[in-house]
Amino acid sequence: MAPVIGEREVVVVGLSHRTAPVELREKFAISDEEMSETFGALVARQISEEAVILSTCNRVEIYALVPAEDRGQGILEYLASSRGVRLRTLKKKSYLHEGQDAVEHIFRVASSLDSMVVGEPQILGQFKTAFAAADRHKAVGQVLHRLMRRTVSVAKRIRTETRIGREPVSMGRAGVELARQVFGDLDGRVALMIGAGEMGRLVATSLMAHGVDELVIANRTYSRAVELAAQFSGTAVHMDQLQRYLERVDIALASTGANRYLIDKAMLAPVMRTRRFRPLFCVDLSVPRNIAPDINALEGVYAFNVDDLAEVAQRGAERRQQEATRAEAIVQSEAARCYRSLGARSADPIIAGMTRRAEEARQQELERSRGTLELLDPKQREVVEAMTRAMFKRYLHNAILEARRLGEVGDADGLEVLNRALHRQDEESGE
Amino acid sequence: MATPLYMLALLAYILAFTMSLVDREAYPSLRKIVGPALWAGYTAHLAGIGATAVAGGLTALGSPAGSMAFVSALVTAGFLWTRRNPRAEAVGGFVVPLSMVLLAIALFLPGEAVGETPGGGLWFPVHLTMMLVGLGGFALAFGVSLLYLLVRWRLKTKKLMGLSRLPSLETLDRLNTRFVVLGFAALTVGIAVGGIWAASLPERPAMGPTIYGSLVIWVWYAAAIQVRVVGGWRGRLAAGFSVMGFVGLVSSLIGVLIAVSGWHL
């Protein structure tokens, strides 16, 4: 028997960069304005009891608690009809996960194991926003609430216990990591960008995002330097001022179309003496190169080129893949545990019913003996009260454990039998 | 009583060091032993020093074995302070073995104070403690500087794999300066107190190799600080000063121990 949560099941219906092209994904994108309507339709048409919608540039997914016999078909039909796409096309380009598979998928997505760039940190933020939106629309009940909270904690565990998000995978991050190896913190550092090449701007953006305070831009065409300076809130300088600024900055990036060295050993040696050998981190992103490689021999100079950065990024990507294998093991064990606990919680209404009926029976019995109890002093009455409560608690203990166990294995029939048996027992004893 | 405690400390340090070599991701539980093992070793180490002082008085700490054990404890304390920064954990790769070697040497050195300590009062304990703190500071600066040179070499030769787990050059340079300044300040106080103590004695002790050695070391580290603070030179030069200074210091200490079987003539 497939485990179900009571008479319901957790499902994931969605399409992502792995299954559908952007032309199709954009048709299913659900904007903030459309959220209310979508949640309303899912609940009103009794397609799902609870739902969370995650809509990003790489995926559109609906996490829902649906009637067990429906198995998410209702969501697929609703999506196809509301977006004017044939159901067959949608089925071919989408995926549907149920039960523990669905929980595993949700954990994988939130932990960035299913992302285009494995380990990227944005997805967890998007996930939390989606959950908050669903909560605002009152589309989240007990089951999805518990599942979403668990998802966030699993994603955090994976980020803490593995290095999945730490290894650089882009050229920009590779530049930042190398600069950090020299300077530690990049806060308050000054960078000089020579030229306006695409790669240079990419690395400069990354450096600025990681603490570099000031960007000085030198370009052959001064007006272009001014333009870029406005874009980066930096300072534009003329190319002939290069040497003067090299004495001041901590980081130098070269990304120009020039086919000669703009910085060489003869130029930099006196600069380093003036700097008293304060570290200078140089990155040459140009091809042909603009920074002479032999400057690396100078004391205090750490020079890298585009190949070095690419190698760091490549190694980072390989390392992330290795980490993804470890993260996958965490996802599987956590998903199994979470799904069991969701099942166990499905017994909650039945357990609450049992407890309520037991309390009613206890009150009836106390009421029946009220005449006798009134002869007792308040302290003695308290003892009787506590004793009867303990007796009923003890009587129900094994039944509650059994109900939880049946819930964990998803035995809805067993739960029903237990419920009826106890109910009948209560009625008989009541009669 | 001190010897078994030192041996226990040494075993705990060996355990901590061995576990620190294990791959963090593959065996996270083994890596978790490092911290508790270090602290357990350090507790036993301090207990051993306490036992030495209780059994033989403060002069016993001035014995070759006592001094070595004391310096080793200072080195470990410096590392325990440094490793609050997770990326500086790698400093232990150089500093903990150094502490282990010093403690192992202490186990083979004479534990008795060489000769009677003339005079009285606080002069001798302050002189001794400051000299040993100075030695500990220079030992830590040595360990940090070796790691600096390793990281620098890897950056220069572009051996970048796994480099992000090591501290940055800036962090190591800063730590080196702190430990050198600490060592130099303690050494200065130690020499000054020793001089005052010697002057107060009815019979002045003769100038021996230890005194000359201490003065040479003082001049060396004074030059290192001068170059750093006034000249603004740092990095490889500062690391080189620390490494060479400590190598010279240890060589002269060994020389003194062999030549005179004690600290002073």
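Keep in mind the model is a prediction, meaning the values are calculated, not measured.

Draft legend 1. Structural context of the interface of chain A and chain B. Opposite the 28 residues of chain A that make contact, chain B presents 24 residues. Carbon and sulfur atoms make up 47% of the area that chain A and chain B hide from each other, which totals about 2200 Å². Interface area lost by chain A to chain B is led by A:Gln181, A:Arg276 and A:Tyr302, which between them contribute 30%. Between the two partners, chain A and chain B, sit 4 salt bridges. As a salt-bridge pair, A:Glu299 and B:Arg152 come within 2.9 Å of each other at their nearest N and O atoms. For the pair chain A and chain B, the number of links is 13 residue pairs in polar contact (both at pLDDT 80 or more). Taken together, the elements giving at least two residues each to the side of chain A that touches chain B come down to helix 8 (171-183), strand 10 (301-305) and helix 13 (306-346) of chain A. Class assignment for the residues of the side of chain A that touches chain B results in 12 nonpolar, 5 polar and 11 charged.

Draft legend 2. Spatial organisation of the packing of helix 5 (residues 64-82) of chain B against helix 7 (residues 123-156) of chain B. All names here are of chain B. Interhelical geometry of helix 5 versus helix 7 gives an angle of 50° and a closest axis separation of 8 Å. Classified by the angle their axes make, helix 5 and helix 7 are oblique. For the element pair helix 5 and helix 7, the recorded crossing hand is right-handed. The residues of helix 7 that touch helix 5, namely those facing Ser67, Phe70, Val71, Leu74, Val75, Gly78 and Phe79, are Leu128, Thr129, Leu132, Val133, Leu135, Gly136, Ala139 and Leu140. Class assignment of the residues belonging to the contact of helix 5 with helix 7 gives a composition of 11 nonpolar, 4 polar and no charged.

Draft legend 3. Representation of the pattern of salt bridges within the structure. Summed over the entire model, instances satisfying the criterion amount to 32 salt bridges over all chains. For A:Glu61, the salt bridge is made with A:Arg59, and the minimal N-O distance between the two is 3.0 Å. Taken individually, A:Glu61 and A:Arg59 each receive the classification buried, so the pair is uniform in this respect. Between B:Lys158 and A:Asp308 there is a salt bridge; the shortest N-O distance is 2.8 Å. Of the two residues, B:Lys158 is situated in the loop between helix 7 and helix 8 (169-200) and A:Asp308 in helix 13; the pairing between them involves two chains. For B:Lys158, a relative accessible area of 27% puts it in the partly exposed group. What makes A:Asp308 buried here is its relative accessible area of 10%.

Draft legend 4. Looking closely at helix 7 (residues 142-161) of chain A. Between the first and last C-alpha of helix 7 of chain A there are 28 Å, a value that for 20 residues agrees with the 28 Å anticipated at 1.5 Å per step. Against the buried residues of helix 7 of chain A lie strand 1 (8-16), strand 2 (50-55), strand 3 (59-67), helix 5 (99-110), helix 6 (122-136) and helix 13 of chain A.

Draft legend 5. Representation of unusual backbone geometry in the model. Residues and elements named next belong to chain A. For the bond from Val287 to Pro288, the omega torsion is 0°, close enough to zero to count as cis. Considering the arrangement of structural elements, one finds Pro288 in the loop between strand 9 (280-284) and strand 10. Even without being a glycine, Arg71 presents a positive backbone phi close to 55°. Structurally, the position occupied by Arg71 is in the loop between strand 3 and helix 3 (73-83).

Rules behind the numbers
- Residues numbered from 1 in each chain as written.
- Chains lettered and ligands numbered in written order.
- Predicted model: local features only at pLDDT ≥ 70, side-chain atom pairs only at ≥ 80, totals over all residues.
- Heavy atoms only, no water.
- Contact = heavy atoms within 4.5 Å.
- Buried area = accessible area lost by both parts, 1.4 Å probe.
- Salt bridge = Lys/Arg side-chain N within 4 Å of Asp/Glu carboxyl O.
- Polar contact = N/O pair within 3.5 Å; in protein donor to acceptor, adjacent residues only side chain to side chain.
- Helix = DSSP H or I, 4+ residues; strand = E, 2+ residues; numbered from the N terminus.
- Nonpolar A, V, L, I, M, F, W, Y, C, P; charged D, E, K, R; others polar.
- Axes fitted to C-alpha atoms, helices over the stretch in contact; angles between N-to-C directions.
- Parallel < 35°, antiparallel > 145°, perpendicular 65-115°, else oblique.
- Left-handed = near helix turned anticlockwise from the far one by under 90°.
- Buried < 20%, exposed > 50% of the residue type's maximum accessible area, 1.4 Å probe, protein only.
- Expected span 1.5 Å × (residues − 1).

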